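# Architecture and fold: a report
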Amino acid sequence: MSAPPTILVFDSGLGGLTVLREIVRTRPDAHYVYVADDAFFPYGHHGEEEIIARVVPLVGELIARHSPALVVIACNTASTLVMSHLRSAYSVPFVGTVPAIKPACASSKTKRVSVLGTKGTVKREYTKRLIDDFAQGCEVTLVGSAELASLAESALSGNDVRDEDIAAELAPCFVGNGEDRTDTVVLACTHYPLLLDRLTRLAPWPVDWIDPAPAIARRVSDLLGSPGRESDTAGAEMIFTSQRPHMLSQALMPFFGGRVPA
Ligand code: DGL
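Residues numbered from 1 in each chain as written. Predicted model: local features only at pLDDT ≥ 70, side-chain atom pairs only at ≥ 80, totals over all residues. Heavy atoms only, no water.

Right, let's talk about the pairing of strand S7 (residues 184–187) for a bit. Burial of S7 is two-sided: the residues Thr184 and Val186 facing one way and the residues Val185 and Leu187 facing the other way are all buried. Two strands pair when backbone bridges link them, and strand S5 (residues 112–118) and S7 are joined in this way by 4 bridges, in the parallel orientation. Across the sheet, the residue bridging to Val113 is Thr184, located in S7. Bridge count for S7 against strand S8 (residues 208–210) is 3 bridges, and the pairing is parallel. Pairing of Val186 across the sheet is with Ile210, part of S8. As for the winding sense of the linkage, the β-α-β connection from S7 through helix H9 (residues 196–202) to S8 is right-handed. (Buried < 20%, exposed > 50% of the residue type's maximum accessible area, 1.4 Å probe, protein only. Helix = DSSP H or I, 4+ residues; strand = E, 2+ residues; numbered from the N terminus. Pairing = 2+ DSSP bridges. Right-handed = clockwise from strand over helix to strand, strands pointing away.)

Listed below in structure tokens is the structure:
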């Protein structure tokens, strides 16, 4: 029996688990290595050159160590910068995570869309280009959040996170009134779906939240080709670059489809 393909999923922290969860559902036949670069978290607080200089060699080392069939950069703050660098440096197929502006603008009825991401992601040329190319007549509001990724990490680690702190980060997404108000919010940071229940509850009015994870999972599956048989050796590993042991197994297991990450 041939070994299952390894899929390496990379983020600055625990946000990429929201992408991993969808990929594992789509491809239970694969082996997963999840890498959280927590030693450098949060990426949203670093400059562009710093992120490129950090991520490109680090991903190279991870490829050498784990021989993945495919690498997913489950981080908008990194993907909006590093994908071309990674593709020219390494021959493994890569899938990135970038703000889902095109589907959001295509489905907005009021033509008012907000993009909620880290301060880095909303400043990127890449994001501005997506708006130029795909706004389709929508007014797009860019909202850079300094704290929401850290609040999501904290909540997932079992700490109390106050509603007021989440609501304050969310408020600038809600613009206009009546027929002309925001009806769609792009979750342009993989950490934010971790808080989806609370975002929905704290929103001043109902909106569609666009999470790109299912589309990313479909793309991964297409690149991987037809699924093999589920194998006994298809497990999961969790790596923190700070080398801290992971204390979150119970909380993490659902994201790994019930596997216990080593
Ligand atoms: N999860 C990351 C993203 O999608 C960013 C969080 C951070 O490190 O600032 O953008």
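The subject of this paragraph is the state of the cysteines. This structure, assessed with the given rule, holds 0 disulfides. The thiol of Cys75 is not disulfide-bonded; the next cysteine sulfur, from Cys189, is found 6.8 Å away. In this structure Cys138 is not part of a disulfide, and its nearest cysteine sulfur, from Cys105, lies 4.0 Å away. (Disulfide = S-S within 2.5 Å.)

Counted according to the given criterion, the structure contains 3 aromatic pairs. Pairing Phe174 with Trp205 gives two aromatic rings, centres 5.2 Å apart and planes at 85°, and the pair type is edge-to-face. Here Phe174 is found in the loop between helix H8 (163–170) and S7, whereas its partner Trp205 is found in the loop between H9 and S8, with 31 residues between them in sequence. Given the relative accessible area of 10%, Phe174 is considered buried. A relative accessible area of 15% places Trp205 in the buried class. Centroid distance Phe174 to Trp209: 6.4 Å. Interplanar angle 65°. Geometry classified as edge-to-face. Of this pair, Phe174 sits in the loop between H8 and S7 while Trp209 sits in strand S8, and the two are 35 residues apart along the sequence. Each member of the pair Phe174 and Trp209 is classed as buried. Among the aromatic residues, ring-to-ring pairing joins Phe174, Trp205 and Trp209 into one connected group. The ring of Phe240 is capped by Arg244, whose NZ or CZ atom sits 3.9 Å from the centre of that ring. (Phe/Tyr/Trp six-rings, centres within 6.5 Å; stacked < 30°, edge-to-face > 60°. Lys NZ or Arg CZ within 6 Å of the ring centre and 35° of its normal.)

Right, let's get into the sheet that holds strand S2 (residues 31–36). As summarised here, the arrangement of the 5 strands in space is S4-S3-S1-S2-S9, forming an open sheet in which the pairing is parallel. Among the strands making up the open sheet, the edge pair consists of strand S4 (94–95) and strand S9 (236–240). When strand S1 (residues 6–11) meets S2, the two strands line up parallel, connected through 6 bridges. In the strand pairing of S2, Thr6 is matched with His31. Running over the sheet, helix H1 (residues 17–26) touches S1, S2 and strand S3 (70–73) and is turned about 175° from S2. (Contact = heavy atoms within 4.5 Å. Axes fitted to C-alpha atoms, helices over the stretch in contact; angles between N-to-C directions.)

This part is about the sheet that holds S7. Taking strand neighbours across the sheet as the criterion, the 4 strands line up as S6-S5-S7-S8 in an open arrangement whose pairing is parallel. On the outer flanks of this sheet lie strand S6 (139–145) and S8, each paired with one strand and no other. Averaged over all pairs of adjacent strands, the angle between their axes in this sheet comes to 25°, without regard to strand direction.

Another point: the nonpolar core. Formed by 28 residues in total, the largest nonpolar core has its most connected members in Ile7, Leu17, Ile23 and Val72. Broken down by secondary-structure element, the contributors of at least two residues to this core are S1, H1, S2, S3, helix H10 (213–224) and S9. With near-sequence residues (within four places) excluded, Ile7 lies in contact with Ile23, Ala30, His31, Tyr32, Val33, Leu70, Val72, Val220 and Leu224. Membership of the second largest hydrophobic core comes to 24 residues, among which are Val56, Ile63, Val82 and Met83. (Core = buried A, V, L, I, M, F, W, Y, C linked by side-chain atoms within 4.5 Å.)

With that out of the way, let us pick up H8. The complete set of buried residues in H8 reads Ile166, Glu169 and Leu170. The arc that holds every buried residue of H8, seen down its axis, measures 100°, which confines them to one face. In this structure, the buried side of H8 is in contact with S5, S6, helix H7 (148–156), H9 and S8. (Arc of directions from axis to C-beta.)

By themselves these figures say nothing about function.
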